[in-house]
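Fold and contact review
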Amino acid sequence: MQSLLDPRRRTAIYALVSFATGVLLTVGLLRYGPEPVTARPEPIAAVTAAPVAAPSVASSAPAADAPSATAASGGDDAELDASAWPDAAPTPEQVFSAQPDAMRKAIDKLAPRTRGKPNVYAIAFGGDGSEDVFRNEAEYVDVLMSSRLGSPGHTLVLENNPASLATRPLASWTNLEAALDGLARVMDPREDILLLYVATHGGNDHSLLVDMDPIPLDQLDPEGLAEILGKHAFRWKVVVVNACYSGGFVPKLRGTGTLVLTSARSDRTSFGCGADSDITYFGRAWLADGLNATPDFIEAFGKARTEIAAWEAKESLEASEPQIDVGAGIEDKLAAWRKTAKIGPALPFKAAK
C-alpha cells in the first residue's frame, strides 16, 4: 500500500480558501467559457493500485495487488477525475468548515467509561479517500469494539471517503488531535487503554497518505504521530499502523505501556489494498480472523503473522513481515482488561455500506 505522494506539511487555512476559489473559477471557465488556445496544465497526480479481490472465506489467501507495479516501479501517475466528488455531498469547503462541529458531535456520542475496571477506547483512522478498503477497516473496528470486544460507544471513526463526508469526521491531523483531546476527557488516562488503528497507503520514506482531494490535508509520519500521542497522558496504548513500510513507525512509537503493531517491516510493502479490495491482508488477518479467534491483541497478531506469511508464500510475494513491539506492562494491562470485558461472539467482516 505504497504512497505515491510527497508528504505535505501543515497547510494554513488561507491556502484552502485560495485553493477553493481557484477551483471554482477554473471549473466555471472550463464549463462555460471558450476553449482556450493555450496548452492545458499537466493533470494532478493521483494514487492508483491494481485491483484486488478480497477472500471469500477467512482461510483462503487473498489475491495480491501487483507488487511489481506498486512496490518496485512506484506506479504511473494518473489524471484526477474531477467528477469523483459526489454530487449529493457537501462541497469541499463545507466539509472542511464543518469539521470542528463534526468532531464535537462525535465526541459527545462517546459512552462513559465503566468504573472499577480498565476500559478500552479506540480511534479508527482511514486515511486515503480514493479506496474503500480503508473505510471498510475503520468501520469494522467500530463494529468489533461495539460487540465483539464489549466496548459499545467507545470508538471514534475518522475516515476520508466520498460515502461518509456528511456522517463521519475526516481523518486528518487536526481531527486526530481533537479525538485524543476528547478521549482524554472521557477516559481515565492512567487506567484505560487507548487503541489507535491507522489504515492507509505508506511510502518508503515512512510517510502515511492522508488524502481527501481536493481538501488539502497534512500527511502523517513517525515523528508527527509520536508528537501527537506525546501531547496526551495516555499511560496504556495499542498503536496499529496498517500500511506499506509501516515498520518505520516502531522506533518512534515504542515505549513503556505501549504495544505497537505494524503490517510490514520498515523496508517492505504490505498487500491487499486496491479499488476492488474490501479488506487488506493485515486487516483480514488481524482484525477479522485474529480478533474473532481471540480477544488477546498479541495472540491475534501471532495468528495474523502466520496467516499472512502463508498467503504471501502461496502468491510468491516478498514477505511483508509484520512487526510487533511489546512495551513494559502493556501485556499485563491487556490481560487485566480481558478478565472483566464482556467478550461477544465472532463477527464476520462485512464491507461498509
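Residues numbered from 1 in each chain as written. Predicted model: local features only at pLDDT ≥ 70, side-chain atom pairs only at ≥ 80, totals over all residues. Heavy atoms only, no water.

**Looking at the sheet that holds strand 4 (residues 155-159)**
Pairing between sheet strands relies on hydrogen bonds along the backbone, with the strands arranged either parallel or antiparallel. Sheet architecture is open: six strands sit in the order 4-3-5-6-7-8, paired in mixed fashion. Of all the strands in the sheet, the pair left with one neighbour each is strand 4 and strand 8 (323-326). In this sheet, adjacent strand axes meet at a mean angle of 10° when their direction is disregarded. As paired strands, strand 7 (residues 258-262) and strand 8 are joined by four bridges and run antiparallel to one another. In the strand pairing of strand 8, Leu261 is matched with Ile324. (Pairing = 2+ DSSP bridges. Helix = DSSP H or I, 4+ residues; strand = E, 2+ residues; numbered from the N terminus. Axes fitted to C-alpha atoms, helices over the stretch in contact; angles between N-to-C directions.)

**A closer look at the nonpolar core**
Trp286 and Phe297 are the most contacted members of the largest nonpolar core, which has 44 residues in total. Those elements that place two or more of their residues in this core are strand 3 (120-126), helix 5 (132-148), strand 5 (193-199), strand 6 (236-242), strand 7, helix 9 (281-293), helix 10 (297-314) and helix 11 (330-340). Beyond its immediate sequence surroundings of up to four residues, Trp286 is in contact with Tyr197, Val240, Leu261, Leu291, Phe297, Ala300, Phe301 and Ala304. Grouped together as the second largest cluster of nonpolar side chains are 40 residues, Phe125, Val210, Phe234 and Val241 included. (Core = buried A, V, L, I, M, F, W, Y, C linked by side-chain atoms within 4.5 Å. Buried < 20%, exposed > 50% of the residue type's maximum accessible area, 1.4 Å probe, protein only. Contact = heavy atoms within 4.5 Å.)

**Some remarks on the packing of helix 6 (residues 173-186) against helix 7 (residues 222-230)**
Put simply, helix 6 and helix 7 touch, their axes get as near as 10 Å, and they point 25° apart. Viewed along their axes, helix 6 and helix 7 adopt a mutual orientation that is roughly parallel. Note on packing geometry: the crossing formed by helix 6 with helix 7 is right-handed. Contact residues: Trp173, Leu176, Glu177 and Leu180 in helix 6; Gly224, Leu225, Glu227, Ile228 and Leu229 in helix 7. Here the residues of the contact of helix 6 with helix 7 sort into six nonpolar, one polar and two charged. (Parallel < 35°, antiparallel > 145°, perpendicular 65-115°, else oblique. Left-handed = near helix turned anticlockwise from the far one by under 90°. Nonpolar A, V, L, I, M, F, W, Y, C, P; charged D, E, K, R; others polar.)

**Some points on helix 11**
Looking at helix 11, one finds that the buried residues are Ile330, Lys333, Leu334 and Trp337. Here the buried residues of helix 11 occupy an arc of 95° about the axis, which is enough to place them on one side. What points out from helix 11, more than 90 degrees from its buried face, is the exposed set Asp332 and Lys339. Contact partners of the buried residues in helix 11: strand 3, strand 5, strand 6, strand 7, helix 10 and strand 8. (Arc of directions from axis to C-beta.)

**Some points on unusual backbone geometry**
Residue Pro214 follows Asp213 across a cis peptide bond; omega there is 5°. Even without being a glycine, His206 presents a positive backbone phi close to 70°. Relative to the assigned elements, His206 resides in the loop between strand 5 and helix 7. Non-glycine residue Glu321 carries a positive phi angle of around 55°. Looking at the secondary structure, you find Glu321 in the loop between helix 10 and strand 8. Classification of Glu321 by relative accessible area gives partly exposed; the value is 35%.

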